[in-house]
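Take a look at the letters that make up each chain.
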Amino acid sequence: MTALDAWLASLPASEGYSCISAARRYAFDEAGYDAQYASDPANLTPGRGVVALLKDTSADFSAPAIEIGCGTGLASLGVVESAAYPLVLLTDPSTAFLGITRSKVRGHGFDESRVRYAVLMAEEIDRLPPDTFSLVLLRSTLHHVLDVAAFISAAGRALKPGGALVFQEPCQEGYILMGALTQFLPALARAAGRPLGPEQVKRVEGFANAMKYYSRRDIDKTKAEDKWLFRVDELAARAAAAGLSMDFRPNMAFEYYAPYPPGQPRPGPDTFTPFFRNYAKYCMSWGEGLMRAFDDHMPAYCAYIDGITGPGAQPYLHGVFICRKPAH
Ligand SMILES: C[S@@+](CC[C@H](N)C(=O)[O-])C[C@H]1O[C@@H](n2cnc3c(N)ncnc32)[C@H](O)[C@@H]1O
């Protein structure tokens, strides 16, 4: 039995999961979340991308990996499939999410002897044994964590020397641009003689207000599910304070690093207009009518942002952050 296994076995268990923290349901229905992001039902590409990216940067694979906020396993499954780590500890505060991910691991027929599941709130990552993990992984989870600085510092402690804290998260500047442009949609539709309905106007306002809420640093977000948009300079400062060096890959997603068949172009980095459109459609659940209004009015204004920067220097929309703990 490994030291990590012995530690997990010493914890209380609930529904078959080791409880590092008390369990907490997600703010939205977990099965519904799985259905919403089911465009790639196999869920293998993001995790394959994580492993490929880390192999490409000579990362350490000698110790276990832990994923915080694994959700429905979008990043987990490719990491488990790779068998690159001696053990993968998949965690989430929600046992419903852990159940979904576990059934996908089983559905793929992966070697479960190398996989553990645990209930963990990121805020309690300081409970993990120190110097233990080669990888602390998060995909779209850090923006749910209340005290990001404390989390990064504690993640650094949980990493073994040479290990990496890796996360993919939204960036404030791109989201501010989306919010700023969105607020003009009702006026543009009105001016074109096709005004939005009251429900549509509410949705547009909801989008703009969400960007404002996530950007604010001066309000209590304890009870909010989604909390933050990130500034790269702030995260670099937090990483440095935790003794980690940070490498940022702007507008890249984990899946863009996965191996692609010869001849198939590798996607990414993302550019403003399609990212904005997808965000409205899939993350803000805009319906057909509102998306038609988006397509009628927004591209002309978005083109300014795409055009002034060219493909190489787009505003930061999101990105992959790799924070390394020095080997010694
Ligand atoms: C947006 S989902 C992302 C899920 C998955 N990583 C993915 O990429 O699809 C956010 C996840 O973070 C988890 N979460 C929310 N608050 C958390 C916290 N304070 N600590 C750890 N995980 C949290 C949720 O239960 C959920 O699984």
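Everything numeric here is computed off the predicted structure, so don't read it as measured data.

Caption draft 1: The arrangement of the domain arrangement of the chain in detail. Entries for the chain in the domain assignment read domain 1 (3–171 + 226–260 + 318–324) and domain 2 (173–223 + 265–313). On a C-alpha basis, the centroid separation for the pair domain 1 and domain 2 is 29 Å. Taken together, the contacts link 13 residues of domain 1 with 12 residues of domain 2. For the side of domain 1 that touches domain 2, the class distribution of residues is 10 nonpolar, one polar and two charged.

Caption draft 2: Representation of the nonpolar core. If you look at the biggest cluster of nonpolar residues, it comprises 89 residues, and the most contacted ones within it are Val50, Val136, Leu137, Ala155, Leu165 and Val166. Each of domain 1 (3–171 + 226–260 + 318–324) and domain 2 (173–223 + 265–313) gives at least three residues to this core. Ignoring anything within four residues of it in the chain, the contact list for Val166 reads Val50, Leu135, Leu137, Phe321 and Ile322.

Caption draft 3: The arrangement of the site of the ligand in detail. The environment of the ligand is formed by 20 residues, the closest being Gly69, Gly71, Ala122, Arg139 and His144. A class-by-class count of the residues in the shell around the ligand yields 10 nonpolar, seven polar and three charged.

Caption draft 4: Fine view of the sheet that holds strand E9 (residues 318–324). In space, the nine strands of this open sheet follow the order E1-E2-E5-E4-E3-E6-E7-E9-E8, with mixed pairing throughout. Unpaired on one side and paired on the other, strand E1 (13–14) and strand E8 (245–250) mark the two borders of the sheet. The sheet contact formed by strand E6 (residues 133–139) and strand E7 (residues 159–170) spans six bridges and is parallel. By the bridge assignment, Arg139 is partnered in E7 with Gln168.

Caption draft 5: Local environment of helix H10 (residues 232–241). For H10, every residue scored as buried is listed here: Leu235, Arg238 and Ala239. Buried residues along H10 cover an arc of 100° about the axis, so they all sit on one side. In this structure, H10 carries Asp233 and Ala241 as exposed residues pointing more than 90 degrees from its buried face. Buried residues along H10 sit against helix H6 (148–158), E8 and E9. A positive phi of about 80° marks Gly243, the residue just after H10.

What counts, and where the lines are drawn
- Residues numbered from 1 in each chain as written.
- Predicted model: local features only at pLDDT ≥ 70, side-chain atom pairs only at ≥ 80, totals over all residues.
- Domains from an automatic or database assignment.
- Contact = placed C-beta atoms within 7 Å.
- Nonpolar A, V, L, I, M, F, W, Y, C, P; charged D, E, K, R; others polar.
- Core = buried A, V, L, I, M, F, W, Y, C linked by C-beta atoms within 7 Å.
- Buried ≥ 20, exposed ≤ 12 C-beta atoms within 10 Å, placed from the backbone.
- Near = placed C-beta within 6 Å.
- Pairing = 2+ DSSP bridges.
- Helix = DSSP H or I, 4+ residues; strand = E, 2+ residues; numbered from the N terminus.
- Arc of directions from axis to C-beta.

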